[in-house]
Each structure stands twice: as C-alpha cells, then as structure tokens.
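# Survey of secondary and tertiary structure
What follows is the residue order along each chain.
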Amino acid sequence: MLNTLKRFWGFQNNVVVSEKVVATIGGMLAIFLCFFLTTWLLGTEGAAAILPSMGASTVLLFAVPHGQLSTPWAFFAGNVLSAIVGVTSAQYIENLFIAAPVAVSLSIFIMHLSRSLHPPGGATALAAVIGGSAITDLSYWYVLTPTIINCMILFAVAILFNNLFHWRRYPQSLMRYKGIGYNPDTRRIKMRHIHEAINRSELVIDASDEQIKHIIDLADTILHEELIAGFELEMGAFYTNNQPGRLWSVRQVVDERKHNCKHKHLLIYRVVEGDGKGFSDCCTYQEFAEWAKMKMTPSQV
C-alpha cells in the first residue's frame, strides 16, 4: 500500500546528505551573486527586476545539474525564447486574462519546437505580461535585461560551483564516468539504440528510475529487431556460436514453426559438433539469431 502511494504521488529518489548540502549552498550563493551583480550593473531599480523564474532555474542548475531540463541550451534558450514570447504577448494582447495564458502556452510550444524545455521559462514569459509597468515599460529590452543578464550570472556560478565537486559537473558533458563493467544482458546496447529508444518513448527525460528502465527496455527491443533483421536463415544450414574452447558448438537447422511474429517463430536444430553434440532442441528465431555468430559450410569428404 505504501509503495502504491509513493508511485501515485511520485516521491523522488532519496539523495545523500552531501548532495543536499551542496545544492543548498550553491543555490544560496547563486541567487546572492545574481542579485548583487544585477544591482551593481543596473542599479537598485534594475535589481528589483531580477526574475522570480531565476529562483526556479537555480533549483534545476544546482539540485539537478545533470538533468536534461538543466542543460545550457535548455536554460538559455528556454528563458530567452520565453521572454520574447512574453513581451510579444504583452505588446499585442491588451487583455491580461488572454495575454497571460497565451504567453505561457506559446512558450511551452516554442520550447518544445526548439528542444529547450525549461520549466522556469513559463514564469519568464508570464512575468513579461503581469510584471507591472517596471517590466512592460522595458518592452523587448526585457529580453536583454534582466533575462539574459540574469541567465549569464547564474550560468557562470553554476559552472564554477558545480565543478568544484568530483561527483557533479555542469554542463553534464564534462562528467567522466568510471567504467564499472556491463550487465551481460545489456552490454551490446549502443548509444544509437538509446537515442532511438528516447525518440520512440515520447518521454521528456529528466528521468525517474522507471523512465530509464523504460528506455533501456526499448533499446533492448531495438537491438533484437536489428539482430533478427540482419539474420538470414537457411533451412539445413550449419551455424556456429564461434566461442572458444569447450564452449564452441555447431548447430544445423532442421525444421521451423513459422509465425507472423518473429519472437514466436520457432526453429528446431541439432548440435552436430562441439558442446552438446548429438543434442536436439528448439528455440525462438530471435534466440538463434543471437546465438549464431557465423554460418558454416561443412567440408566435403
């Protein structure tokens, strides 16, 4: 029951204490410097225009620095494009009750199109509409100040601070992972399989364990589809697993039970050489395609 409630409410994975402390200190430092430098650059009135959305961006850049929603492209493009959408909505739609939802919804659409989904961008667009005269009077200068200036300050702090700690890097591309070996079931999955799986999944990846598992399962399915598509079966032919030593084996395909779904297509084979010689069995087309590394031609006596 408790696990069901956790899944329903979407409880987040527990984070180690050191990560919580680092994220907290980083967020505090980032907002302090953003406010301080904005005051120094623009004066007290300009500092008052520091975007509330920068608080949300700070959460992403320091609490989830390796997330897809926190990438530099998502951070900059999401906020800047949303600022342009928000100013345009404020300029051309007089009714606030229409301009506000139009600004937020269009910013979502533009962020999706530009692959720069960054949730605080919605707040950046909304602030341009409902931020009062101090914001609306800026017109398209709002895109430069405070939006771009705030973004540049937070971005610089995020790079400098996050990279002080070996277990976290910003941007994520600076992270170097140690090899820990491969699970035998997934060692043949390559980056193109993961990339194609993400495209098929229709998920916005800032991912939970369940979402990553979903991606891995899809990548595994794609790998198997490729193995089956690239395997040419010939009845009566001989195939080997090409394994070293006692594991070496040769099978001859003697019959099949066809099915429209290759996953249910059965092959009947006999072992003619090597490990299991004289043994007969059946397996799916997919299993045989994964086992067979090479087709063989028996020598003529």
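Everything here concerns the structure above.
Just so it is clear, the structure is predicted and the values come from calculations on it, not from any experiment.

Further remarks concern the pairing of strand E2 (residues 249–257). Here strand E1 (residues 238–240) runs beside E2; their pairing, made up of 3 bridges, is antiparallel. What sits directly across from Thr240, in E2, is Val250.

In this section: the packing of aromatic side chains. Enumeration over the complete set of coordinates arrives at 9 aromatic pairs. An angle of 65° between the planes, with centres 5.2 Å apart, marks the rings of Phe75 and Phe76 as edge-to-face. Residue classification places Phe75 among the buried residues on the basis of a relative accessible area of 0%. With a relative accessible area of 24%, Phe76 lands in the partly exposed category.

This part is about helix H4 (residues 72–92). Over its 21 residues, H4 extends 30 Å from the first C-alpha to the last, a length consistent with the 30 Å expected when each residue adds 1.5 Å. Every buried residue of H4 is accounted for by Ala74, Phe75, Ala77, Gly78, Asn79, Val80, Ser82, Ala83, Val85, Gly86, Val87 and Ser89. Contact partners of the buried residues in H4: helix H3 (53–63), helix H5 (96–113), helix H6 (120–130) and helix H8 (141–162).

A few words on the state of the cysteines. This structure, assessed with the given rule, holds 0 disulfides. Looking at the unpaired Cys34, the closest cysteine sulfur is the one in Cys151, lying at 8.5 Å.

This next bit is on unusual backbone geometry. Cis peptide bonds are those with omega within 30 degrees of zero, and the linkage from Thr145 to Pro146 qualifies with 20°. Tracing the backbone through its elements, the reader meets Pro146 in helix H8. The omega torsion across Tyr170 and Pro171 is 0°, close enough to zero to call that bond cis. Tracing the backbone through its elements, the reader meets Pro171 in the loop between H8 and helix H9 (191–201). Non-glycine residue Ser139 carries a positive phi angle of around 55°. Structurally, Ser139 is set in the loop between helix H7 (133–136) and H8. Positive phi, normally seen in glycine, also occurs at Asn242, with a value near 55°. Relative to the elements of secondary structure, Asn242 occurs in the loop between E1 and E2.

Rules of the game
One numbering rule holds for all chains: residues counted from 1, following each sequence as written. With pLDDT at 70 or above as the cut-off, local features in this predicted model cover only qualifying residues; side-chain atom pairs require 80 or more to be listed or tallied, and sums for whole chains, interfaces and linings still use all residues. Hydrogens and water are ignored here; the side-chain numbers use all heavy atoms of the structure. Strands are treated as partners if at least two bridges between them are detected by DSSP. Secondary structure elements are taken from DSSP: a helix is a run of H or I of four residues or more, a strand is a run of E of two residues or more, and numbering for both begins at the N terminus. Whether two aromatic rings pair depends on their centres lying within 6.5 Å, for rings of Phe, Tyr and Trp, where Trp uses its six-membered ring; planes under 30 degrees apart make the pair stacked, over 60 edge-to-face, and the rest tilted. Here the term buried applies to any residue with accessible area under 20% of the maximum for its type, exposed to any over 50%, and partly exposed to those in between, with areas from a 1.4 Å probe on protein chains only. By definition here, a helix of n residues has an expected span of 1.5 Å times n minus one. We call two residues in contact whenever any of their non-hydrogen atoms come within 4.5 Å of each other. Criterion for a disulfide: a pair of cysteine sulfur atoms at a distance within 2.5 Å.

Don't take any of this as a statement about function, it's just geometry.
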